[in-house]
Number of protein chains: 2
Amino acid sequence: MLPADTRRHHLSLLLQCLADTGPLSRADLARATSLTRVTVSDLVAELLADGLVAELGTKPGARPGKPATLLGLVHDAVLIVALDLSDDTVLQGALIDLHGEIVTRDAVELGSARGDAAVDLVVALVQRLVATSERPVLGVGIGTPGVVDDKGVVRQAPNLGWYELPLAEAVGARVGLPVSISNDANIAALAECTFGAGNPDGLMLVAIGHGVGGGILMDGAMLGGPLLSAGEIGHVVVEPGGAPCACGNRGCLETVLAVPHLRDRLAAVTPDAVASELEAVGTTLGAVLAPIVTTLGITDVVLYGPAELLDGPLLGAVRAAVAERSMPVVAEHLDVRMASLARDVVLTGAAAHVRFTQLGVV
Amino acid sequence: MLPADTRRHHLSLLLQCLADTGPLSRADLARATSLTRVTVSDLVAELLADGLVAELGTKPGARPGKPATLLGLVHDAVLIVALDLSDDTVLQGALIDLHGEIVTRDAVELGSARGDAAVDLVVALVQRLVATSERPVLGVGIGTPGVVDDKGVVRQAPNLGWYELPLAEAVGARVGLPVSISNDANIAALAECTFGAGNPDGLMLVAIGHGVGGGILMDGAMLGGPLLSAGEIGHVVVEPGGAPCACGNRGCLETVLAVPHLRDRLAAVTPDAVASELEAVGTTLGAVLAPIVTTLGITDVVLYGPAELLDGPLLGAVRAAVAERSMPVVAEHLDVRMASLARDVVLTGAAAHVRFTQLGVV
């Protein structure tokens with residue numbers, strides 16, 4: 001038995017060969033990758049069982065008595081189970097195909113369930129979706145708020161009562177499928193690059209809701225960082241000594257930009273002052289983004305959240321403030337816009353994450 | 001013949017097996033990696049020729065008549081040729097071992113050489129160093145100012161008169177060795193992580209000299225980005241409408257922090273005001289760094305440049321400003337300090353880059 005990492009690398013090598021070259025025989029694959037024929041046959045058996053590869057008949061020109069079967073990729077053969085745990089009251093789920101299209105939806109009330117009880121709800125929702133699927137399931141992707149490591153351990157997700165919880169392992173053992181777990185804002189950024197218009201070489205997504213989070217892709221990969229917190233723009237201090245924030249500091253960006261604060265702020269002014277309030281907040285966000293955008297040299301900044309608040313004077317002011325404070329060559333290439341995926345960005349991001357971890361493609 | 005990428009991956013897989021498990025036979029390596037024995041023998045021949053692997057005698061307990069030879073890694077068998085092109089007047093070179101120790105130095109005056117003439121000087125310096133080496137040369141690493149892509153093409157390095165120059169290919173063809181080219185500040189950050197105290201999961205190096213540049217490592221890799229400019233913190237605008245900058249903008253961080261500007265500023269005040277001038281500049285740098293540090297969640301910020309200017313009130317003010325404006329959990333883990341490598345950071349970075357591209361290890 002190969003180590004899991006090596007096995008996954010080899011599987012991905014075979015899939016990439018088939019994607020690059022078109023249908024090939026097992027012998028062709030062995031030649032192209034220099035893996036042994038035994039290994040190739042073994043891995044192909046797994047891909048056939050997963051439905052990712054299909055046998056396409058005999059290779060033309062093969063010698064009689066030794067027919068070689070051609071193998072091809074099957075893009076629509078499988079579905080992915082995706083869960084979005086970012087809502088405080090309802091756990092959302094869906095079956096999603098490899099193109100990011102939602103085939104079926106399901107959901108379960110979270111109620112007061114926390115800790116193990118919340119895990120039970122997750123497992124039940126996954127099992128229901130698996131049972132609904134008319135195609136083989138490639139894997140399960142889960143987007144959760146909080147801090148998640150690259151082994152699928154939820155280091156902390158206070159809203160769900162999870163601390164140091166090996167969620168991928170726990171769910172995987174009960175549903176018998178590979179499970180990928182990721183922070184909700186990080187996979188939202190991945191979704192924008194995989195299924196939307198985002199550039200995976202340099203994109204930052206800012207998710208604006210009850211809180212303010214974000215995710216970054218650079219050079220084709222989601223950034224994690226030593227604290228597993230890459231993308232967490234919400235707690236940059238913009239008003240030293242300002243309003244208290246849940247993180248323990250004062251004057252964080254979140255205290256100005258999160259949807260409830262933004263709505264409170266707009267409710268307190270006359271209708272003709274709304275645009276200038278939104279502009280002020282956009283300028284604040286732009287000033288925080290400029291050093292990040294210039295120093296990373298990214299080309300895509302996307303906002304995800306309520307369009308009626310964000311997609312107007314606020315977005316315009318972000319654009320102006322970033323342009324004013326960035327290096328000209330960066331400003332020239334930069335596109336600051338609303339996310340091209342208007343909804344379900346965590347669900348489709350969870351599907352993109354499974355696609356990436358199982359197939360090695362963004 | 002395998003594609004170069006696959007060949008490199010397989011070589012790195014063999015080296016990692018030997019590093020992880022200790023001495024193994026060719027058959028053991030084939031079993032551990034599931035590469036064919038023919039491929040393993042072929043790759044091992046290359047590693048033996050490079051001197052990276054040595055035969056260590058017969059495996060104990062092997063059947064008579066079929067002795068299996070054990071293979072082991074040889075850390076001190078090879079040297080790396082490293083060049084630092086970041087100085088305007090002298091091209092620096094060195095032979096460096098795999099631990100980052102400089103064995104021999106050499107240098108050549110740049111004079112008025114630009115374009116092809118500058119390439120000729122680079123090739124001559126490499127050839128002299130190769131001729132000096134008493135051990136096989138693993139590869140050539142070159143750190144250059146300017147914009148470099150991941151194929152070793154210098155997109156632009158105005159000081160050397162290079163535009164869209166395939167430098168890795170040009171030098172490689174003339175010296176017959178693999179050549180890695182990288183931006184000087186990016187490999188300075190790599191050096192700090194490979195041979196110094198830096199954390200490759202999240203480090204930013206700020207290089208302060210005639211200009212202000214930088215490099216970032218996240219999750220074990222140097223960041224590039226779509227514009228190949230990741231790390232370029234010098235052109236964040238800190239004083240809108242301030243002093244004109246070489247980039248075409250006004251009030252860039254570089255106009256405040258670059259060594260010549262900093263020295264001018266200190267020369268203009270009385271001796272007892274020097275510390276407060278340095279503090280003011282440190283506070284400005286800290287305010288630029290805070291959004292970057294919080295949003296990336298990095299743990300290491302290192303300054304590289306003249307200690308007499310940086311390592312005092314300026315560094316202290318950077319620390320205070322970053323701490324004040326960052327998320328508490330990030331501030332807690334953050335270490336803002338002078339680079340642990342006080343000199344030769346581009347030369348050793350070039351060696352680290354060769355080590356990384358040839359052996360797959362940071």
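Being a predicted model, the structure only gives us computed values, none of them experimental. (Residues numbered from 1 in each chain as written. Chains lettered and ligands numbered in written order. Predicted model: local features only at pLDDT ≥ 70, side-chain atom pairs only at ≥ 80, totals over all residues. Heavy atoms only, no water.)

This part covers the overall build of chain A. The helix and strand inventory of chain A stands at 13 helices and 16 strands. Relative to the globule expectation of 21 Å for 362 residues, the C-alpha radius of gyration of chain A, 23 Å, shows essentially globular dimensions. Oriented by its inertia axes, the alpha-carbon framework of chain A measures out at about 85 × 50 × 35 Å. A buried classification covers 54% of the 362 residues belonging to chain A. For chain A, restricting intrachain contacts to residue pairs at least 6 apart in sequence, the fraction spanning at least 24 positions comes to 58%. Of the side chains in chain A, 23 bear a positive and 40 a negative charge, and the two mean positions are spaced by 9 Å. (Helix = DSSP H or I, 4+ residues; strand = E, 2+ residues; numbered from the N terminus. Rg over C-alpha atoms; globule rule 2.2 N^0.38 Å. Buried < 20%, exposed > 50% of the residue type's maximum accessible area, 1.4 Å probe, protein only. Contact = heavy atoms within 4.5 Å. Lys, Arg positive; Asp, Glu negative; His and termini not counted. Charge placed at Lys NZ, Arg CZ, Asp CG, Glu CD.)

Rotating chain B by 180 degrees and translating it 0.0 Å along the rotation axis places it on chain A, where the RMSD comes to 0.0 Å. In short, the pair behaves as if placed about a two-fold rotation axis. Mapped onto chain A, 100% of the interface residues of chain B are again interface residues, and the two copies thus contact each other with one and the same surface. (Least-squares fit on C-alpha atoms with pLDDT ≥ 70 in both.)

This part is about the domain arrangement of chain A. All names here are of chain A. On domain assignment, one finds that chain A holds domain 1 (4-73), domain 2 (79-189 + 345-359) and domain 3 (197-338). The C-alpha centroid of domain 3 is placed 27 Å from the C-alpha centroid of domain 2. With both chains or domains summed, domain 2 and domain 3 bury close to 960 Å², and 67% of this area falls on carbon and sulfur atoms. At the surface where domain 2 touches domain 3, the tally comes to 0 residue pairs in polar contact (both at pLDDT 80 or more). (Domains from an automatic or database assignment. Buried area = accessible area lost by both parts, 1.4 Å probe. Polar contact = N/O pair within 3.5 Å; in protein donor to acceptor, adjacent residues only side chain to side chain.)

Across the contact, 52 residues belong to chain B and 52 residues belong to chain A. In this structure, the connection of chain B to chain A is made through 0 salt bridges. Where chain B touches chain A, the interface holds 16 residue pairs in polar contact (both at pLDDT 80 or more). When contributions to the side of chain B that touches chain A are tallied by element, the ones reaching two or more residues are α1 (4-21), α2 (26-33), β12 (202-208), β13 (212-218), α9 (274-296), α11 (313-325) and α12 (328-333) of chain B. Among the elements that take part in the side of chain B that touches chain A, α9 of chain B stands out by supplying 6 residues, more than any other. Broken down by class, the residue content of the side of chain B that touches chain A amounts to 26 nonpolar, 21 polar and 5 charged. (Salt bridge = Lys/Arg side-chain N within 4 Å of Asp/Glu carboxyl O. Nonpolar A, V, L, I, M, F, W, Y, C, P; charged D, E, K, R; others polar.)

Attention now moves to the pairing of strand β4 (residues 79-84) of chain A. Residues and elements named next belong to chain A. Burial analysis of β4 places 6 of its 6 residues in the buried class, the great majority of the element. Of the two faces of β4, the one holding Leu 79, Val 81 and Leu 83 and the one holding Ile 80, Ala 82 and Asp 84 are both buried throughout. Inspection of the sheet shows β4 paired to strand β5 (residues 90-97) by 6 bridges, in the antiparallel sense. Paired with Val 81 across the bridge in β5 is Leu 95. In this antiparallel pair of consecutive strands, β4 and β5, the connection spans 5 residues. Inspection of the sheet shows β4 paired to strand β7 (residues 137-144) by 6 bridges, in the parallel sense. For Leu 83, the partnering residue across the bridge sits in β7 and is Ile 142. (Pairing = 2+ DSSP bridges.)

Side chains of nonpolar character tend, in soluble globular proteins, to be buried together. If you look at the biggest cluster of nonpolar residues, it comprises 91 residues, and the most contacted ones within it are Leu 14, Leu 29 and Leu 138 of chain A together with Leu 14, Leu 29 and Leu 138 of chain B. Residues within four places of Leu 29 of chain A in sequence aside, it is in contact with Leu 14, Cys 17, Leu 18, Leu 24, Val 40, Val 44 and Leu 71 of chain A. Counting residues in hydrophobic clusters, the runner-up holds 81 residues, among them Leu 310 of chain A together with Leu 253, Val 301 and Met 327 of chain B. (Core = buried A, V, L, I, M, F, W, Y, C linked by side-chain atoms within 4.5 Å.)

What the rule picks out here adds up to 25 salt bridges over all chains. Glu 192 of chain A is paired through a salt bridge with Arg 337 of chain A; the nearest N and O atoms lie 3.8 Å apart. Of this pair, Glu 192 of chain A sits in helix α6 (residues 184-194) while Arg 337 of chain A sits in strand β16 (residues 335-338), placing them 145 residues apart in sequence. Note that Asp 344 of chain B is salt-bridged to Arg 343 of chain B, the shortest N-O span being 4.0 Å. One network of salt bridges, with partners in common, ties together Glu 192, Asp 300, Asp 335 and Arg 337 of chain A.

All names here are of chain B. Over its 23 residues, α9 extends 33 Å from the first C-alpha to the last, a length consistent with the 33 Å expected when each residue adds 1.5 Å. The largest bend in α9 comes to about 35 degrees, at Leu 289, with the proline Pro 291 one to four residues further on. Positive phi appears at Gly 297, one or two residues downstream of α9, with a value of about 65 degrees. (Expected span 1.5 Å × (residues − 1). Bend = angle between axes of the 7 residues up to and from the residue.)

This part takes up the packing of helix α4 (residues 116-132) of chain B against helix α5 (residues 167-175) of chain B. Residue and element names in this part refer to chain B. In the contact formed by α4 and α5, the axes pass within 10 Å of each other and the chain directions differ by 45 degrees. Here α4 is positioned oblique relative to α5, judged by the angle of their axes. Once α4 is placed against α5, the crossing between them reads as right-handed. Where α4 approaches α5, its residues Val 119, Asp 120, Val 122, Val 123, Val 126 and Gln 127 are matched on the opposing element by Leu 167, Val 171, Arg 174 and Val 175. Classifying every residue of the contact of α4 with α5 by side-chain character gives 7 nonpolar, 1 polar and 2 charged. (Axes fitted to C-alpha atoms, helices over the stretch in contact; angles between N-to-C directions. Parallel < 35°, antiparallel > 145°, perpendicular 65-115°, else oblique. Left-handed = near helix turned anticlockwise from the far one by under 90°.)

Time to look at α5 of chain B. All names here are of chain B. When α5 is considered as a whole, its buried residues turn out to be Leu 167, Ala 168, Val 171, Gly 172 and Val 175. End-on, the buried residues of α5 take up no more than an arc of 120 degrees, which puts them together on one face. Those residues of α5 that are exposed and aimed more than 90 degrees away from the buried face are Glu 169 and Ala 173. Lining the buried residues of α5 we find α4, β7 (137-144), β9 (154-157), β10 (162-165) and β11 (179-183). One or two residues past the end of α5 sits Gly 176, with phi positive at roughly 70 degrees. (Arc of directions from axis to C-beta.)

For the rest of this paragraph, the subject is the sheet that holds strand β14 (residues 221-222) of chain B. All names here are of chain B. Taking strand neighbours across the sheet as the criterion, the 5 strands line up as β14-β13-β12-β15-β16 in an open arrangement whose pairing is mixed. Pairing within the sheet leaves two strands with one partner each, and these edge strands are β14 and β16 (335-338). Note that strand β15 (residues 300-304) and β16 share 4 bridges and pair parallel. Along β16, the bridge assignment pairs Val 302 with Arg 337.

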